[in-house]
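This is what each chain is made of:
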Amino acid sequence: MERYRVTGMSCAACQAHVEKAVSGVPGVTACRVSLLTNSMQVEGEVSSEEVIRAVEKAGYGASVQGSDKSASPEGSGDPSGREAAAAESAAERRREQEELLADRETPALKKRLLTSLGFLLVLVYFSMGHSMLGLPVPGFFEGNPAGLALLQMFLAAIVMFIDRAFFLRGFKSLWHRAPNMDSLIALGSSAAFLYSTAMVFAMTGAYAHGDVSLVEQYAGELYYESAAMILTFITIGKMLEARAKGRTTDALRSLMKLAPDTAVVLRNGEEIEVPVDEVRIGDHFVLRPGDSIPVDGRILTGESSVNEAALTGESIPVDKAPGDKLSSGTVNLTGFLTCEATHVGEDTTISQIIRMVSDASMTKAPAQQLADRVSAVFVPVVMGIAVLTLLIWAFLGADFGFALARGICVLVVSCPCALGLATPVAIMVGNGVGARNGILFKTAEALQEAGRADIIVMDKTGTLTNGIPVVTDVIAEEEDRPMLLRVAGALEHRSNHPIAAAVMRYLEEQQLPAGGTERDFAGEVSDFVTLPGNGLKGRMDGCLVCAGNRKLMEEEGVEISGKERDLAERLAGRGRTPVFFASDGRLIGILAVADTLRDESAAAVDALKRMHKQVVMLTGDNARTAAAIGAEAGVDQVIADVLPTDKEEKIRELKQTGKVIMVGDGINDAPALSRADIGIAIGAGTDVAIDAAQIVLMKNRPDDVPAAICLSRGTYRIIKENLFWALCYNSILIPVAAGVFLRPFGLLMHPMLGALAMSLSSFCVVSNALRLNLIDIRKQKNDITNADKRKTNYRNNAEERINCREEKDVPGGAPLMSDNRERSDVIMEKTIRIEGMMCAHCEATVKKALEALDGVSEAVVSHEAGTAVVKLGGSVEEAALRKAVEDKDYKVLGIA
């Protein structure tokens, strides 16, 4: 894909002409032109010379801005050479983008405006001030209308020369048979000037014949002030529009300023400051307090707090330690750090964000299609209306000066710019607001359509939940608590089970019981034994200690009271795995472990439901765990026991009843993200998921989903307001300018007022889009519209929509959809007896391993029964099944 800078565009008609011209070049598969950034993207097998030639033939200018190709020179296999080329390409692109977005138009227009205004005021004084207000003039002009007329002609010509850009572009476009807004302005101003000049010549003829009354009559037919005022008013509007357009790209420019131009790297043990383009992967660089981070990296030594607000919108600094990742564009606040570069050039986080936001501005929202169709024919139609207006008034008997004024007014009041800018400016500002809040929209369509979704489908693990098991409950008598934590640390320290890892993380957070360290636990237990499927046991201080499930406690003669049994059952019912701990035959406590809900998940679901969205949780977990998490999150519906390969099918079924958003983070979510109307990827998700999604959340916060929807709604509302304004403006003012309402209502517009109205129309559209900066996208509770209240109730007709699932009621849980149906392609079923599974995490591990085998269509695993029921859609050797399980450190007792 090649990028070009385009010059000479002034309105939506220009944009349409350039797109049409380039799209017609053989080999071009796609062409996108942005009036906001005066840039163009071209895809296809075509040379840049052909593209530039097509643009110039259409009457505009073009030059190559850059390309996506960042590979090393042909034939170079040196990785460092490729990295250097990538870094240089990124630096070059950043410089080009900064140049492209630099607001050079506003200062130039301001200078032009002030000069024009100075001469215009003098012209108005002599034309209108003297004749209408009786203001004094030099004695030479008293009683000398011909002298005043010549002076007006001279002053108007100066203003027209100052604003000659309108004529150069306008008549050039007419020559290429692609008229634009400048053509309308040039025609209107030229017609007023030429008609007035004709009246001056007529005055000289009347003077020659001594007809003073005829001279005064011709003097009243001069429109020099209109010719000059049209240009000046349009220049005012253009300057205001340019300034407002400049503000729409503020977010993108601020992103470009985040990454520093230099980095301090370590070379032979010495600190050397080098341009950021020269940093390579693997280089070590140092950061001092207050330094901006130049490239993505990993901390080698040191601890600090890092301000990531520029990327995530999160104002609270994040603590960083050795091994943690750093993103370019963020700021080191407190400590001295030594880091290793992991991504440079175009691969850094900030470069990818800039590219994503920039590319999104080049895409078109669906609402833009109407504007494009109208803009393509707008100017020729307006020119036709102007000519028709002149002829009709002449036919009705009006004098030619009046009829010409009506035609000129039609030309100058028409505004294709407002129509063309209505959608792009809203998209650009919306993208900027999203980027500041850590929400990146890849396409304009995603930004427009996200707010119109009916169903929000959220993956469980890693999206609604944290994705790692943690200790959720500690149940013990006060006097037994120290012993419980000591026994837990001593036993679990020797296990590599996920539950053991969760317990050890909890003990580290508690700073380890009795002042101990992990090394202290290593020698406290003797006779340590792992009991697959049950737990752990050993001897500590001469006493038998054990940790595991209820079966192990019973085998070791540990008494569990009815109250403790009920408590364990309630924990299991809430999706948590209870682990019993005993010492010397006595139960000393229970630790519950679970993959817990994120802190923001319940609030996010609640915000979506207040927006009248139907929230569905999609997961491969078993029904009991899924229902518990779904109830805690407050979702409307849970679809459980879904194979990774079947997630896409579920999205396809849900789409039959409404627009669907899928939110996920894993590789297995990628097909579903692609299938959904809009895919949203959590920022910490896999690259595959991020590539498949249309919206990327930089933070691991599910509450950014309703924030994205809120921003989408606000953007779409602005788009509709802008289109309404642009269409109504032209629909009402063109007839007024033509004099349609003169006789019934006495409404008549002077060409000067028409020029003023036209100059302000685009400014109003751009300024309205800037209101998006005032939206607080975190306050979703106020973002409920009447349209939402008309959404169909997803839960009430779930059975009709998805008739291939069996609905079950789970006490305390959300309505559950379990996808355990028989399949037509299942030819046999095998049951594997497995030893060593202790919890839902074990089930998930075995399930994933088995379903990864070719020929296995589904695996239903139960750690309580110690079995995995495998449905086979093809021939699978028992040895392969056994190996898949035992590779995960579980023992296969038999296969039937």
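Parameters at a glance
- Residues numbered from 1 in each chain as written.
- Predicted model: local features only at pLDDT ≥ 70, side-chain atom pairs only at ≥ 80, totals over all residues.
- Heavy atoms only, no water.
- Buried < 20%, exposed > 50% of the residue type's maximum accessible area, 1.4 Å probe, protein only.
- Helix = DSSP H or I, 4+ residues; strand = E, 2+ residues; numbered from the N terminus.
- Pairing = 2+ DSSP bridges.
- Axes fitted to C-alpha atoms, helices over the stretch in contact; angles between N-to-C directions.
- Contact = heavy atoms within 4.5 Å.
- Salt bridge = Lys/Arg side-chain N within 4 Å of Asp/Glu carboxyl O.
- Parallel < 35°, antiparallel > 145°, perpendicular 65-115°, else oblique.
- Left-handed = near helix turned anticlockwise from the far one by under 90°.

Could you give an account of the pairing of strand 30 (residues 856-862), naming the residues involved and the relevant values?
Counting buried positions over the 7 residues of strand 30 gives 5, a clear majority of the element. Bridge analysis of strand 30 against strand 31 (residues 867-872) gives 6 bridges, and the strand direction is antiparallel. Following the sheet pairing, Glu858 is matched in strand 31 by Lys871. If you look at the hairpin formed by strand 30 and strand 31, you'll find 4 residues sitting between the two strands, and Gly866 has a positive phi there, around 70°.

Explain the sheet that holds strand 21 (residues 586-597) to me, using residue names and the numbers behind them.
Pairing in this open sheet of 6 strands is antiparallel, and the strands run 16-21-20-19-18-17 from one edge to the other. Among the strands making up the open sheet, the edge pair consists of strand 16 (465-475) and strand 17 (525-531). Averaged over all adjacent pairs, the angle separating strand axes in this sheet is 15°, with direction ignored. Pairing between strand 16 and strand 21: 7 bridges, direction antiparallel. Note that in strand 21 the partner of Val470 across the bridge is Ala594. Of the strands in this sheet, strand 16, strand 17, strand 18 (535-540), strand 19 (543-548), strand 20 (577-583) and strand 21 touch helix 18 (residues 481-492), which is tilted by about 110° from strand 18.

Lay out the pairing of strand 8 (residues 296-301) in plain terms, naming residues and giving numbers.
Where strand 8 and strand 13 (residues 337-343) come together, 5 bridges link them in antiparallel fashion. Following the sheet pairing, Gly297 is matched in strand 13 by Ala341. Pairing between strand 8 and strand 11 (residues 325-326): 2 bridges, direction antiparallel. If you follow Gly297 over to strand 11, its bridge partner there is Leu326.

So what about the pattern of salt bridges? Which residues, and what values?
One pass over the structure, following the stated rule, counts 28 salt bridges. Asp182 is the partner of Arg169 in a salt bridge, and the nearest nitrogen-oxygen pair spans 2.6 Å. Placement of Arg169 in helix 6 (residues 164-175) and of Asp182 in helix 7 (residues 181-208) is noted, with a sequence separation of 13 residues between them. With its nearest N and O atoms 2.8 Å apart, the salt bridge here joins Glu648 to Arg652. Of this pair, Glu648 and Arg652 are both found in helix 25 (residues 647-654), 4 residues apart, which corresponds to roughly one turn of the helix. Residue Glu648 is classed as buried on the basis of its relative accessible area of 17%. What you see here is one network of salt bridges that share partners, running through Glu449, Arg452 and Lys659.

Describe the packing of helix 5 (residues 145-162) against helix 7, with residues and values.
Two packed helices can be described by the angle between their axes and the distance between those axes. Running from amino to carboxyl end, helix 5 crosses helix 7 at an angle of 155°, the nearest separation of the two axes being 10 Å. Classified by the angle between their axes, helix 5 and helix 7 sit roughly antiparallel to one another. For the pair helix 5 and helix 7, the sense of crossing is left-handed. Along its contact with helix 5, which presents Pro145, Ala146, Ala149, Leu150, Met153, Ala156, Ala157 and Met160, the element helix 7 presents Ser189, Phe193, Thr197, Val200, Met203 and Tyr207.

Break down the sheet that holds strand 10 (residues 318-320) for me, with residues and values.
Remark on secondary structure: sheet strands pair via backbone hydrogen bonds, oriented parallel or antiparallel. The 3 strands are arranged 10-9-12 in an open sheet whose pairing can be described as antiparallel. Only two strands of the sheet have a single neighbouring strand rather than two, namely strand 10 and strand 12 (331-332). Here strand 9 (residues 304-307) pairs with strand 12 via 2 bridges, running antiparallel. Its bridge partner lying in strand 12, Asn307 is registered against Val331.

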